[in-house]
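Listed here are the chains, written in short residue letters.
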Amino acid sequence: MNLELTVIGGVDKKGEVEPVERLDMKRGEIIGIVGPTGSGKSSLIGDIEQFAQGDTPSGRYILINGRTPGAETRSDPRKKLIAQLSQNMHFLADMTVDEFLKMHAKSRGKPASVAKDVVELANTLTGEPIHPDHHLTILSGGQSRALMTADIAVISDSPIVLIDEIENAGIKKREALDLLAGEGKIVVVVTHDPMLALMPSRRVVMRNGGMYRIIDTSKEERTVCEDLTRVDDWLMSLRETIRQGNVVEAAP
Ligand SMILES: Nc1ncnc2c1ncn2[C@@H]1O[C@H](COP(=O)(O)OP(=O)(O)OP(=O)(O)O)[C@@H](O)[C@H]1O
Ligand SMILES: [Mg+2]
């Protein structure tokens, strides 16, 4: 299915028209949202999540394929267009990973066998392996994010994924973003992390509650991003070495 997500600009916190009038996003695209604390990043994500129609403080409008989404798109869980990875993942249900994934698969009309695929994929994103018999409630922050990311990629058909700061989650964040965008999803990622901010082809800069400007990632920034990726991989491996109680050797 072809899909385009559009944000029509509204006003900032002072009630002034926000400089970016329109933002269009296509499948397979990752778009970054950056800006200081309180600049309106989460609010922008919230507007998208609710399909705002001039009914939020920003007065923005969200369009799907250039049109106002219908009531059924907004409410039918089977047609759920949007999946969200939020700052905190709390599982309320006390069930095992396997039970949860099979139940979710069933509700989405997928075979129970996909539960195994999700766990395998999640385990490529986290350093601490998840076992299907683990209870959801004992998963660490990193394990839950990894599980949710894999779940969104494999089971949920939601073509739009909203992510609010996954940097501190202890998962391979670059791989997680690549995975979701590779499934042809539109990925909107709020971040303070330089590597995640430079990975997308564009990023929206928020200021005072408004979309202030859009920056296209330059060639130079791409190179910086590659360097950062190497540093990040190194950090991950150091973390693992130390966590396993081993002694760190000199830099590669
Ligand atoms: N366009 C707007 N009009 C009116 N109020 C707004 C607008 N955008 C954001 N706000 C308000 O400003 C406050 C801060 O916004 P928000 O939480 O989205 O910031 P943030 O960039 O996510 O901050 P943080 O980095 O701390 O998570 C919120 O109370 C929000 O309701
Ligand atoms: Mg926020």
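Look up a bit, the structure's there.
Overview of the structure. This is a predicted model, so every value here is computed, not measured.

### A word on the overall build of the protein
1) Next: If you tally the helices and strands in the protein, you get eight helices and nine strands.
2) Next: Here the protein has a C-alpha radius of gyration of 19 Å; the compact-globule value for 252 residues is 18 Å, and the two agree.
3) Next: Seen along its three principal axes, the alpha-carbon backbone of the protein occupies a region of about 55 × 45 × 30 Å.
4) Next: Scored against the burial criterion, the 252 residues of the protein give a buried share of 34%.
5) Next: Taking contacts inside the protein between residues at least 6 apart in sequence as the whole, the part at least 24 apart equals 67%.

### Quick look at the sheet that holds strand β1 (residues 4–8)
1) Next: The sheet built from three strands is open, its strands ordered β2-β1-β4 with antiparallel pairing. The outermost strands of the open sheet, each flanked by one partner alone, are β2 (22–26) and β4 (61–64). Mean inter-strand twist for the sheet, computed between neighbouring axes without regard to direction, equals 15°.
2) Next: Two strands pair when backbone bridges link them, and β1 and β2 are joined in this way by five bridges, in the antiparallel orientation. The partner of T6 across the bridge, within β2, is D24.

### Here we look at helix α1 (residues 41–49)
1) Next: By the burial criterion, the buried members of α1 are K41, L44, I45, D47 and I48. Considered in projection along α1, the buried side chains sweep an arc of 155° and stay on one side of the axis.
2) Next: Positive phi appears at F51, one or two residues downstream of α1, with a value of about 50°.

### Quick look at the site of ligand 1
1) Next: Within the structure, ligand 1 sits among 16 residues, and G40, K41, S42, S43 and G209 are positioned closest to it.
2) Next: Considering every element that reaches the shell around ligand 1, the biggest residue donor is α1, with three residues.
3) Next: A class-by-class count of the residues in the shell around ligand 1 yields three nonpolar, ten polar and three charged.

### Some thoughts on the sheet that holds strand β6 (residues 160–164)
Note: strands within a sheet are paired through backbone hydrogen bonds, in either parallel or antiparallel orientation.
1) Next: Read across the sheet, six strands follow the order β5-β6-β7-β3-β8-β9 without closing on themselves; strand pairing throughout is mixed. Edge strands, defined here as strands with exactly one partner in the open sheet, are β5 (82–85) and β9 (210–216). Neighbouring strand axes in the sheet, compared pairwise and without regard to direction, differ in orientation by 20° on average.

### Observations concerning the nonpolar core
1) Next: Core analysis: the biggest nonpolar cluster contains 57 residues, and V187 and V188 have the highest contact counts within it.
2) Next: At seven residues, helix α5 (residues 141–154) tops the list of elements feeding residues into this core.
3) Next: If near-sequence neighbours (up to four positions away) are discounted, V188 is found in contact with I31, I33, I45, I48, L162 and I163.

Rules used throughout
- Residues numbered from 1 in each chain as written.
- Chains lettered and ligands numbered in written order.
- Predicted model: local features only at pLDDT ≥ 70, side-chain atom pairs only at ≥ 80, totals over all residues.
- Helix = DSSP H or I, 4+ residues; strand = E, 2+ residues; numbered from the N terminus.
- Rg over C-alpha atoms; globule rule 2.2 N^0.38 Å.
- Buried ≥ 20, exposed ≤ 12 C-beta atoms within 10 Å, placed from the backbone.
- Contact = placed C-beta atoms within 7 Å.
- Pairing = 2+ DSSP bridges.
- Axes fitted to C-alpha atoms, helices over the stretch in contact; angles between N-to-C directions.
- Arc of directions from axis to C-beta.
- Near = placed C-beta within 6 Å.
- Nonpolar A, V, L, I, M, F, W, Y, C, P; charged D, E, K, R; others polar.
- Core = buried A, V, L, I, M, F, W, Y, C linked by C-beta atoms within 7 Å.

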